[in-house]
Amino acid sequence: MSLAHAILGLLQQEERTGYDLKISCFDRCIAHLWPADQAQIYRTLDKLVEQGWITCTVEIQHDRPNRKVYSLTEAGKAELIRWLQCPQPLPTIREPLLMQLFFAAQLPNEAIIQLLEQQLAAHIEKLTECEKIELPALGDRCASREQMMQRLVLELAIRREQTYIDWLKTAINVIRDVDI
C-alpha cells in the first residue's frame, strides 16, 4: 500500500484540493488506517501529476490564495483498478511496546504497569475516535456499496483496538500479581 494509492482512491470519489485531502479525508476518515501529514500529501500529489495519474487545475480566488484542485485521469483510474486487484503481502509489524515489554524484566513492576497504562489510555482514545466515525451498520440495506466496504474496514479497526485494550488490561493484571 502506498500513500499514492490512497490518494487515487480518494480522488476517485471526487476532485479535491490538497487541503481537502488532509482535513476531510486523512484526518477525519482514514487516519485509523493510513495517517499522512500535509507535506507527504503534497509531495505525493506532485508525483502523481508527474506520472499522469492526476491533473491539477488552479482555481483563481480573489479574496484568498488560489486553489489547486486535483482530479483523477483515466491512467490514474487504471492504476487504481490494477492496485485494487493485487493481493497485498502481510505487513511488517513493529511494536515498540512489545519490544520494551520483552526486555522489561529488569524494571520494577510499577514502571512496567505505568508503561502499559499509558498505552491503554492511547488505545482507548483511538477506539473512541473509531467509534465516532458515522457509517451505516453492517447489513443496513440503505447503505451504499462504498459505505459497506468502509464499514467492514472500520469494524476491523475497532476490533483490533478492542483486542489490544483487552490484552493490555490482562497484562497489567498479570504484572500486578507477579511477586518478583
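Structure first, text after, so check above.
Just so it is clear, the structure is predicted and the values come from calculations on it, not from any experiment.

Participant: Would you take a moment to explain the pairing of strand β3 (residues 67-72) for this structure?
Facilitator: Looking along a regular strand, one sees side chains alternate from face to face of the sheet. Relative to β3, strand β1 (residues 16-17) is paired through two bridges, and the arrangement is antiparallel. By the bridge assignment, Thr17 is partnered in β3 with Val69. Bridge analysis of strand β2 (residues 54-59) against β3 gives six bridges, and the strand direction is antiparallel. Bridging from a neighbouring strand, Glu59 pairs with Arg67 of β3.

Participant: Please clarify how the packing of aromatic side chains should be interpreted in this entry.
Facilitator: What describes a pair of aromatic rings is the distance from one ring centre to the other and the angle between the planes of the rings. Across all of its chains, the model carries two aromatic pairs by this definition. Between Phe102 and Phe103, the ring centres sit 5.0 Å apart and the planes meet at 85°, which makes this aromatic pair edge-to-face. Owing to a relative accessible area of 64%, Phe102 belongs among the exposed residues under this scheme. With a centroid separation of 5.9 Å and 85° between ring planes, the pair formed by Tyr164 and Trp167 is classed as edge-to-face. Placement of both Tyr164 and Trp167 in helix α7 (residues 145-177) is noted, with a separation of three residues, approximately one turn of the helix.

Here is what the cut-offs are and how they apply
- Residues numbered from 1 in each chain as written.
- Predicted model: local features only at pLDDT ≥ 70, side-chain atom pairs only at ≥ 80, totals over all residues.
- Heavy atoms only, no water.
- Pairing = 2+ DSSP bridges.
- Helix = DSSP H or I, 4+ residues; strand = E, 2+ residues; numbered from the N terminus.
- Phe/Tyr/Trp six-rings, centres within 6.5 Å; stacked < 30°, edge-to-face > 60°.
- Buried < 20%, exposed > 50% of the residue type's maximum accessible area, 1.4 Å probe, protein only.

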